[in-house]
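Residue strings, one per chain:
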Amino acid sequence: MLGPDHGRMEKTLDEQYGLEPVFEPGDQAESDPEAPLSGVADVDCPYCGERFATAIDLSAGSQSYIEDCQVCCQPIEMRLVLGPSGELVAFEAGRIDV
Ligand SMILES: [Zn+2]
């Protein structure tokens, strides 16, 4: 079985080999902070309890991913839930070591 660190390893490999998500031509969501398909959410770190703001990508639909805490650098599982119109319904942060 693959451990909970598998996702992080894949992400690391992607970064190492320069594999970036494919964006459609004309998709400016990544570079335009005011684009409707991206945003910033406040996250309460489940490890250290500090709150920080993180960019979220609403163009990829409901998803979960791992992002390191900007304060204590522990890996946080971000769960993004979008509604049928693409609106943000829920954004949760949880530990991955439970
Ligand atoms: Zn933290």
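That block above? That's the structure.
Presented here is an overview of the structure given in this document. Note that this is a predicted model, so its numbers are computed, not measured.

### Digging into the environment of valine 43
Okay, step 1: Considering the arrangement of structural elements, one finds valine 43 in strand E1 (residues 38–44).
Okay, step 2: Between the alpha carbons of valine 43 and glutamate 92 there is a distance of 7.7 Å; along the sequence they are 49 residues apart.
Okay, step 3: In contact with valine 43, other than residues within four places in its own chain, are Arg51, Phe52, Thr54, Ile76 and Ala93.

### Description of the pairing of strand E3 (residues 63–68)
Okay, step 1: Where E3 meets strand E4 (residues 75–82), six bridges bridge the pair, whose relative direction is antiparallel. Considered in E4, the bridge of isoleucine 66 is made with glutamate 77.
Okay, step 2: The turn linking E3 back onto E4 is made up of six residues, and cysteine 73 within it adopts a positive phi angle of 65°.

### Points about the sheet that holds E4
Okay, step 1: What the three strands build is an open sheet, ordered E3-E4-E5; its pairing is antiparallel. The strands lining the two open edges of the sheet, one partner per strand, are E3 and strand E5 (88–95). For this sheet the average axis-to-axis angle between neighbouring strands, irrespective of direction, equals 25°.
Okay, step 2: Here seven bridges tie E4 to E5, and the two strands are oriented antiparallel to one another.

Definitions and cut-offs
Residues numbered from 1 in each chain as written. Predicted model: local features only at pLDDT ≥ 70, side-chain atom pairs only at ≥ 80, totals over all residues. Helix = DSSP H or I, 4+ residues; strand = E, 2+ residues; numbered from the N terminus. Contact = placed C-beta atoms within 7 Å. Pairing = 2+ DSSP bridges. Axes fitted to C-alpha atoms, helices over the stretch in contact; angles between N-to-C directions.

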